[in-house]
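# Coordinate analysis (summary)
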Amino acid sequence: MSVGRQLPKEIQAIFDDPEYGAGIGRKLKRENAIKMFVERFGMTEAQADAIFETFDADKNGVMTLREFRQFYATIGNRGQEIMDMFESMDKDKNGKLDAEEATAGLKALKTQDGKEITDEEVKFCINTNKGADGVIDVGELARMLIKLKIIMVNRK
């Protein structure tokens, strides 16, 4: 699904729900976007915060409809699958993956066509997707899974 395309109506309705305050400007304040992710996509507050940080492209504390489309195109209805995968990789349960946790977790997975992920692919993905703090949050993991073709991008 291209970012420029329409969202499925039921997903658009989530973003436009007056409970979250998108309103005429079609923007969600950070706290409302996090509430939406928790209530509608089954995330914890920490996960929702990481997802918000990942998809708030201009880092202005507001999620625009365009940024929400990017979130849905990348994660869509696979949010819980990604959250579960992240939690299983996060051995020390600190809400972040260090290089060792990410490497072990990614090496245990296969691509959609059954191919094993090479050490070079894992290393490259970790190095290019880790945050400024040197670790990987759930949003960064989601992007890595897409790049490695472990999960499909929604194409509705």
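Residues numbered from 1 in each chain as written. Predicted model: local features only at pLDDT ≥ 70, side-chain atom pairs only at ≥ 80, totals over all residues. Heavy atoms only, no water.

## Structural notes on the overall build of the chain
- Helix and strand content of the chain: eight helices and two strands.
- Secondary structure elements of the chain, listed N to C terminal, follow the sequence α-β-α-α-β-α-α-α-α-α.
- Taking 15 Å as the expected radius of gyration for a compact globule of 156 residues, we find that the chain reaches 16 Å, a close match to that expectation.
- Along the first, second and third principal axes, the C-alpha set of the chain runs to 50 × 30 × 25 Å.
- A total of 156 residues make up the chain; the buried ones form 48% of that total.
- With an accessible surface of roughly 8300 Å², the chain has 52% of that area assigned to carbon and sulfur atoms.
- Averaged over its 25 positive side-chain charges, the chain has a centre that lies 7 Å from the centre of its 28 negative ones. (Helix = DSSP H or I, 4+ residues; strand = E, 2+ residues; numbered from the N terminus. Rg over C-alpha atoms; globule rule 2.2 N^0.38 Å. Buried < 20%, exposed > 50% of the residue type's maximum accessible area, 1.4 Å probe, protein only. Areas by Shrake-Rupley, 256 points an atom, 1.4 Å probe, with all protein chains shown as cover. Lys, Arg positive; Asp, Glu negative; His and termini not counted. Charge placed at Lys NZ, Arg CZ, Asp CG, Glu CD.)

## A closer look at the pattern of salt bridges
- A complete count under the given rule lists eight salt bridges for this structure.
- Lys35 serves as the salt-bridge partner of Glu19, at 3.4 Å between the closest nitrogen and oxygen. In this pair, Glu19 sits in the loop between helix H1 (9-16) and strand S1 (27-29) while Lys35 sits in helix H2 (residues 30-41), placing the two residues 16 residues apart along the sequence.
- Its relative accessible area of 33% is what places Lys35 among the partly exposed residues.
- The salt bridge partner of Glu53 is Arg30, with a shortest N-O separation of 2.7 Å. (Salt bridge = Lys/Arg side-chain N within 4 Å of Asp/Glu carboxyl O.)

## So, the environment of Asn32
- Here Asn32 is to be found in helix H2.
- Along the primary structure Asn32 and Asp119 are separated by 87 residues, whereas in three dimensions their C-alpha atoms are 39 Å apart.
- Look past the residues within four positions of Asn32 in its chain and what remains in contact with it is Tyr20 and Gly21. (Contact = heavy atoms within 4.5 Å.)

## Some points on helix H4 (residues 65-74)
- Counting buried residues along H4, eight of its 10 residues qualify, which places the element largely inside the surrounding structure.
- In this structure, the buried residues of H4 make contact with H1, H2, helix H3 (45-55), strand S2 (62-64) and helix H8 (138-147).
- Looking at the residues trailing H4, positive phi occurs at Gly76, about 50°.

## A few points about the packing of aromatic side chains
- According to the stated counting rule, one finds seven aromatic pairs in the structure shown.
- Taking the centre distance of 5.0 Å and the plane angle of 35° together, the rings of Phe15 and Phe68 count as tilted. Here Phe15, found in helix H1, pairs with Phe68, found in helix H4; they are 53 residues apart in sequence, far enough to count as distant. Phe68 carries the same exposure label as Phe15, and that label is buried.
- Here a set of aromatic residues connected by ring pairs shows up, and it is made of Phe15, Phe37, Phe41, Phe55, Phe68 and Phe71. (Phe/Tyr/Trp six-rings, centres within 6.5 Å; stacked < 30°, edge-to-face > 60°.)

## A word on the packing of helix H5 (residues 79-89) against H8
- Two elements in contact, H5 and H8, have axes whose closest approach is 10 Å; the angle formed by their N-to-C orientations is 110°. The angle between H5 and H8 falls in the class roughly perpendicular. Residues Ile82, Met83, Met85, Phe86 and Met89 of H5 pack against Val138, Leu141, Ala142 and Leu145 of H8.
- When its residues are assigned to classes, the contact of H5 with H8 shows nine nonpolar, no polar and no charged. (Axes fitted to C-alpha atoms, helices over the stretch in contact; angles between N-to-C directions. Parallel < 35°, antiparallel > 145°, perpendicular 65-115°, else oblique. Nonpolar A, V, L, I, M, F, W, Y, C, P; charged D, E, K, R; others polar.)

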